[in-house]
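Read off the chains here:
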Amino acid sequence: MISRITHRHIEVFRAVMTTGSATGAATLLASSQPTVSRELARLEQLLGYALFARSQGRLRPNARALALWDEVQRSWQGLERVVDKALALGRAEEAQISVLCLPALSHALLPGAAARLLARYPQARLAVTPQESPLLEEWMAAQRFDLGLSEHETAPAGTQALPLLALDEVCVLPAGHALASRALLRAEDFAGQPFVSLSADDPYRRQIDAVFAQAGVARDLRVQTHNAVAVCAMVEQGLGLAIVNPLTALACASERLLWRPLAFSIPFRVHALLPLHRPALPEVQPLLQALQDEAAALARRLSPVG
């Protein structure tokens, strides 16, 4: 019998609970009071228990009706969200681009690109999700996002990688440090210096350590932390020198934190990832252009200091 309960029965129940009477429900549903009463009685018959106490022509919901009402409200809210989303998809101003990016790029490249995009297309909408590798690559391969930003040159399965930026890592140091007067820092300049490192499992940490090992330079490794922003914060407090990606160095630079280029190269690359099997929103191409423009502007700002 339960299988014979229809959406119409639930709709009638909701209307009665909302308005408090069969007459009010009939008005809400553009129906008649006898029809509403008949549908409500049929629902109770199919359930095998009463939902309302009837007294002097009034309907009073019992405990079962109130419990069912809670569930109906939740379901209706979900349906309303679906309807709202369906309607929004038809409005250009409501289109939302989902972007997946490394945390470092969410604060050092994407904000400027977003500002460029919204200046040109005020109706655009962005949803940004920061995520570390390898989940970033897995989620892009699963076609879950409209655009991704990665530091890996190899495109995950099912995606296309487009180069955005090709620079080198840089040194960050506290203002007033003895090495701040130098325009270019060599590996030998770091000998014996307090040094703030990335975590031991970070791929850039391994490259940095390999450079100093090959040069035979021993640093004073005092502090390590998990990301470049945290490294810069440590350096700003005078805990040592560090080598980080140039975008974070530029974003964190201040009167208390300086950056300098290196005489040796630790490559830093940024690629945009586009899913190949996800329908592309027309707004993705303007975002990609904004990212390219922002990357070019950052590259100019990061040209070696004299």
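The structure under discussion appears in the preceding block.
So, here is what we can say about the structure in this document. Since the model is a prediction, treat every value here as computed from it, not as a measurement.

Observations regarding the sheet that holds strand β5 (residues 147–150)
Here five strands make up an open sheet; going across it, the order is β4-β3-β5-β12-β6 and the pairing mixed. Lying at the two open borders of the sheet, with one neighbouring strand each, are β4 (125–130) and β6 (159–168). Along the sheet, successive strands turn relative to each other by an average axial angle of 20°, direction set aside. With three bridges connecting them, strand β3 (residues 96–101) and β5 associate as parallel partners. Within β5, the residue paired with Cys101 across the bridge is Leu149. Helix α11 (residues 284–301) contacts β3, β4, β5, β6 and β12 (267–275) of the sheet and is inclined by roughly 15° relative to β6.

Description of the sheet that holds strand β11 (residues 257–260)
Ordered by their spatial adjacency, three strands build an open sheet running β10-β7-β11, and the pairing between neighbours is antiparallel. Unpaired on one side and paired on the other, β10 (242–244) and β11 mark the two borders of the sheet. Put simply, the sheet's adjacent strands are angled 35° from each other on average, direction ignored. The sheet contact formed by strand β7 (residues 170–174) and β11 spans four bridges and is antiparallel.

Quick look at the nonpolar core
Counting 66 residues, the largest nonpolar core has Leu109, Leu149, Phe190 and Leu247 as the members making the most contacts within it. Sorting elements by how many residues they give to this core places α11 first, with seven residues. Those residues within four positions of Phe190 in sequence are excluded, and the remaining contacts are Cys171, Leu185, Phe195, Phe212, Val217, Ala218, Arg219, Leu241, Ile243, Leu262 and Phe264. By size, the runner-up hydrophobic cluster in this structure holds 19 residues, among which are Val16, Leu29, Val36 and Ala65.

Quick notes on the environment of Trp139
Within the secondary structure, Trp139 is located in helix α7 (residues 135–141). Beyond its immediate chain neighbours, meaning those up to four positions away, Trp139 contacts Leu100, Thr129, Gln131, Arg144 and Phe145.

Some remarks on unusual backbone geometry
Look at the link from Ser133 to Pro134: it is a cis peptide, with omega at 5°. Relative to the helices and strands, Pro134 resides in the loop between β4 and α7. You will see that Ala30, though not glycine, has its phi angle at about 55°, which is positive. The residue Ala30 is located in the loop between α2 (22–28) and α3 (33–47) in this model. The phi angle at Gln143 is positive, at roughly 65°, despite the residue not being glycine. Among the structural elements, Gln143 can be located in the loop between α7 and β5.

As for the environment of Ala230
Along the chain, Ala230 falls in helix α9 (residues 228–236). The exposure class assigned to Ala230 is buried, which follows from its relative accessible area of 16%. When the C-alpha positions of Ala230 and Lys85 are compared, they lie 38 Å apart, and in sequence the two are 145 residues distant.

Side note on the pairing of β12
Most of β12 is tucked away, with seven of its nine residues classed as buried. Inspection of the sheet shows β5 paired to β12 by three bridges, in the antiparallel sense. In the strand pairing of β12, Gly148 is matched with Leu273. Two elements, β6 and β12, share nine bridges in a ladder whose sense is antiparallel. Across the sheet, the residue bridging to Asp168 is Pro267, located in β12.

So, the pairing of strand β1 (residues 52–55)
As judged from the four bridges shared by β1 and strand β2 (residues 58–61), these two strands associate in the antiparallel manner. Its bridge partner lying in β2, Ala53 is registered against Arg60. Hairpin remark: β1 followed by β2, antiparallel, with two residues in the connecting loop; positive phi at Gln56, about 55°.

Observations regarding a nonpolar patch on the surface
On the surface, Leu79, Val82, Val83 and Leu87 cluster together into a nonpolar patch covering about 340 Å² of accessible area. Among the structural elements, Leu87 can be located in helix α4 (residues 63–88).

Focus: α9
When α9 is considered as a whole, its buried residues turn out to be Ala228, Ala230, Val231, Cys232 and Val235. Of the surrounding elements, those touching the buried residues of α9 are β7, β8 (194–198), β9 (220–225), β10, α10 (246–252) and β11. Measuring from the backbone nitrogen of Val229 back to the side-chain oxygen at the start of α9 gives 3.2 Å, which picks out Asn227 as the cap.

Points about the packing of aromatic side chains
Under the defined criterion, the tally for this structure stands at eight aromatic pairs. Ring centres of Phe190 and Phe212 lie 5.2 Å apart, and the angle between their planes is 65°; this geometry places the pair in the edge-to-face category. Within this pair, whereas Phe190 is found in the loop between β7 and β8, its partner Phe212 is found in helix α8 (residues 203–215), the two being separated by 22 residues in sequence. The pair Phe190 / Phe212 is uniform in exposure class, with both members buried. Against the face of Tyr49 rests Arg64, its NZ or CZ located 4.4 Å from the ring centre. Over the ring of Phe195 we find Arg219; its NZ or CZ atom is 4.5 Å from the centre of that ring.

Criteria and thresholds
Residues numbered from 1 in each chain as written. Predicted model: local features only at pLDDT ≥ 70, side-chain atom pairs only at ≥ 80, totals over all residues. Heavy atoms only, no water. Pairing = 2+ DSSP bridges. Helix = DSSP H or I, 4+ residues; strand = E, 2+ residues; numbered from the N terminus. Axes fitted to C-alpha atoms, helices over the stretch in contact; angles between N-to-C directions. Contact = heavy atoms within 4.5 Å. Core = buried A, V, L, I, M, F, W, Y, C linked by side-chain atoms within 4.5 Å. Buried < 20%, exposed > 50% of the residue type's maximum accessible area, 1.4 Å probe, protein only. Patch = residues over 30% accessible without salt bridge, like charges linked within 9 Å, V, L, I, M, F, W, Y side chains within 5 Å. Areas by Shrake-Rupley, 256 points an atom, 1.4 Å probe, with all protein chains shown as cover. Salt bridge = Lys/Arg side-chain N within 4 Å of Asp/Glu carboxyl O. Polar contact = N/O pair within 3.5 Å; in protein donor to acceptor, adjacent residues only side chain to side chain. Phe/Tyr/Trp six-rings, centres within 6.5 Å; stacked < 30°, edge-to-face > 60°. Lys NZ or Arg CZ within 6 Å of the ring centre and 35° of its normal.

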